[in-house]
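Listed below, chain by chain, are the residues.
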Amino acid sequence: MKKISLLGSTGSIGTQTLDVVKHHPERFRIVGLSAGSNVDLLIEQANAFKPAVVCLSSKELADSARLHMPAGTTVLFGEEGLIETAAGTDADTVVTAIVGSRGLSATLAAIEAGKSIGLANKETLVTAGHIVMEQAKRKGVKILPIDSEHSALFQCMNGESRKAIGKITITASGGSFRDHTREQLQGVTVQEALNHPNWSMGAKITIDSATMVNKGLEVIEAKWLFDLSYDQIEVVIHPESIIHSFVEFVDHSIIAQMGMPDMRVPIQYALTYPERDETPTEPLNLAKLGALRFREMDYDRFPALRLAFDCGRLGRSAPAVFNAANEIAVARFLKGEIEFLGIESILERVVYAHEVCDMNDLQTIAEVDQWARRLAGSI
Ligand code: NDP
Ligand code: MG
């Protein structure tokens, strides 16, 4: 029986993780759940899964939830509560499905406590990949990717030596506006941007897919997860999202991983690895699909991806600044404060205004992150 603590249980990845757990009650048990502010859903989940601890983002929310929790469930709150939910239970695995770099300290606490990580929260690796990966190595902790592209790459690399890998290609659906020209992006609405063609996901990552920032974050995530150089990472547009990514080996043999786009497959693989188990998902029928299309990434159409590569190559504090500025820009777009194309201009202005520095500890990371957020909020 694998014991799981799930951070961000009320979100898109969180609810799909619980769906996976529900299908294998003999295999998995939930011992911790955390939500931001969706009290009603957290109460429902706690009564269904009876975890030892749950956590909400504030004391007020925790107080309002306490009466409705099952006997034996402790209600925690805030940053400290989140860290306790990540590190203080007897979970074997912590699934990080919170959105944004605020998931960092809880992820580090879980690694320090020796828990395996099922990593969805890519912003933590973009912000502090050097610290997360170094700590995981030191503690002998596995970081198992949940992001579909990285799960695909991980599966393609199974049993292969690092030396055998030539390059990887991350596939991109193209997001909500993949067939729009830059002119057509003027004045697009939040509703249109939230309408992703292939995946149903949280609001932030759906906007990130439309700007191609998500692919940029994934490039940096892949660099850290698989210890690659940026010259070994490519991105190609693949509108069907059937091939989830592929690896080219030094002999030019390519291994790709495919399946219907359904996050429950990579979520479950991160939880059962190295084993596999049945999922309640739809099988892929290639004959019925008929064709798969690919087209070269257009970096002029999607300049935020080029900027992400530039920040990745610069390294040090640059990726953290890119990520923090993006979190604020996306939140502002979702609130209707800025235009869609304003996300890119904010990103560029914050990144260009930043003097890249070393970030050897959490304090410095927090300062850099706050600086970028303040500037992105004021443009
Ligand atoms: P959602 O927005 O759907 O969910 C986010 C979760 O984080 C919710 O449980 C939310 O709680 C919680 N949360 C938000 N703010 C806080 C806070 N201040 N304190 C504590 N918890 C908070 O996001 P997704 O599930 O889409 O994405 C989660 C992560 O997974 C992201 O990093 C994303 O990039 C990554 N990912 C997502 C994929 C997908 O298909 N959705 C695919 C690959 C990666 P509440 O709602 O209760 O406020
Ligand atoms: Mg992805």
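This one's a predicted model, so the numbers in the text were calculated from it and none came from an experiment.

1. Side note on the sheet that holds strand 9 (residues 233-237)
Note on sheets: strands pair through backbone hydrogen bonds, and any given pair is parallel or antiparallel.
Phase 1: Read from one edge of the open sheet, five strands run 11-10-8-9-12, paired in mixed fashion. At either margin of the open sheet sits one strand with a lone partner, and together these are strand 11 (254-258) and strand 12 (295-296).

2. What to know about helix 4 (residues 78-87)
Phase 1: All of the buried residues along helix 4 are G78, G81, L82, T85 and A86. Along the long axis of helix 4, the arc covered by the buried residues comes to 135°, so they all point the same way.
Phase 2: Packed against the buried residues of helix 4 are strand 1 (2-7), strand 2 (28-34), strand 3 (53-56), strand 4 (74-77), strand 5 (93-96) and helix 5 (104-112).

3. With respect to the packing of aromatic side chains
Phase 1: Evaluation of the coordinates by the stated rule reveals seven aromatic pairs.
Phase 2: Plain terms: the ring middles of F177 and F340 are 5.1 Å apart, the flat faces sit at 80° to each other, and that makes the pair edge-to-face. A residue pair is termed long-range when its members are at least 10 positions apart, and F177 in the loop between strand 8 (165-172) and helix 8 (190-193) and F340 in helix 15 (residues 340-353) qualify at 163 residues.
Phase 3: Overall, the relative accessible area of 3% leaves F340 in the buried class.

4. Here we look at the coordination of the magnesium ion (ligand 2)
Phase 1: Within the protein, the atoms that donate to the magnesium ion (ligand 2) are D147 (OD), E149 (OE) and E218 (OE), at distances of 2.1 to 2.2 Å.
Phase 2: Each donor residue of the magnesium ion (ligand 2) belongs to the same chain, with the gaps between them written as D-x1-E-x68-E. Residue E149 is located in helix 7 (residues 148-157), and its partner E218 is located in helix 10 (residues 213-226); the two are separated by 69 residues in the primary sequence.
Phase 3: E149 gets classed as buried once you look at its relative accessible area, which sits at 8%.
Phase 4: A relative accessible area of 1% means that E218 is categorised as buried.

5. What about the domain arrangement of the protein?
Phase 1: Per the domain assignment, the segments making up the protein are domain 1 (2-145), domain 2 (150-310) and domain 3 (315-379).
Phase 2: For domain 1 and domain 3, the distance between their C-alpha centroids amounts to 26 Å.
Phase 3: Each side of the interface is counted separately: domain 1 has ten residues, and domain 3 has eleven residues.
Phase 4: With both chains or domains summed, domain 1 and domain 3 bury close to 750 Å², and 63% of this area falls on carbon and sulfur atoms.
Phase 5: For the pair domain 1 and domain 3, the interface holds zero salt bridges.
Phase 6: Here domain 1 and domain 3 share five residue pairs in polar contact (both at pLDDT 80 or more) between them.
Phase 7: Those elements that provide at least two residues to the side of domain 1 that touches domain 3 are helix 5 and helix 6 (122-139).
Phase 8: Looking at the side of domain 1 that touches domain 3 element by element, the count peaks at six residues for helix 6.

6. A look at a nonpolar patch on the surface
Phase 1: On the surface, M258, L286 and L289 cluster together to form a nonpolar patch covering roughly 250 Å² of accessible area.
Phase 2: With respect to the helices and strands, the residue M258 is situated in strand 11.

7. A closer look at the site of ligand 1
Phase 1: Around ligand 1, the structure places 24 residues, and the nearest of them are T10, S12, G36, N38 and E123.
Phase 2: The separation between an oxygen atom of ligand 1 and a polar side-chain atom of T10 is 2.7 Å.
Phase 3: Here R102 contributes a side-chain N or O atom positioned 3.2 Å from a nitrogen atom of ligand 1.
Phase 4: Of all the elements in the fold, those that place two or more residues in the shell around ligand 1 are helix 1 (12-23) and helix 6.
Phase 5: Counted by class, the shell around ligand 1 contains nine nonpolar, eleven polar and four charged residues.
Phase 6: Counting contributing residues, the shell around ligand 1 receives three or more from each of domain 1 (2-145) and domain 2 (150-310).

How each quantity is defined
- Residues numbered from 1 in each chain as written.
- Chains lettered and ligands numbered in written order.
- Predicted model: local features only at pLDDT ≥ 70, side-chain atom pairs only at ≥ 80, totals over all residues.
- Heavy atoms only, no water.
- Pairing = 2+ DSSP bridges.
- Helix = DSSP H or I, 4+ residues; strand = E, 2+ residues; numbered from the N terminus.
- Buried < 20%, exposed > 50% of the residue type's maximum accessible area, 1.4 Å probe, protein only.
- Arc of directions from axis to C-beta.
- Contact = heavy atoms within 4.5 Å.
- Phe/Tyr/Trp six-rings, centres within 6.5 Å; stacked < 30°, edge-to-face > 60°.
- Donors = N, O, S within 2.8 Å, 3.2 Å for Na, K, Ca; no water.
- Domains from an automatic or database assignment.
- Buried area = accessible area lost by both parts, 1.4 Å probe.
- Salt bridge = Lys/Arg side-chain N within 4 Å of Asp/Glu carboxyl O.
- Polar contact = N/O pair within 3.5 Å; in protein donor to acceptor, adjacent residues only side chain to side chain.
- Patch = residues over 30% accessible without salt bridge, like charges linked within 9 Å, V, L, I, M, F, W, Y side chains within 5 Å.
- Areas by Shrake-Rupley, 256 points an atom, 1.4 Å probe, with all protein chains shown as cover.
- Near = heavy atom within 4 Å.
- Nonpolar A, V, L, I, M, F, W, Y, C, P; charged D, E, K, R; others polar.

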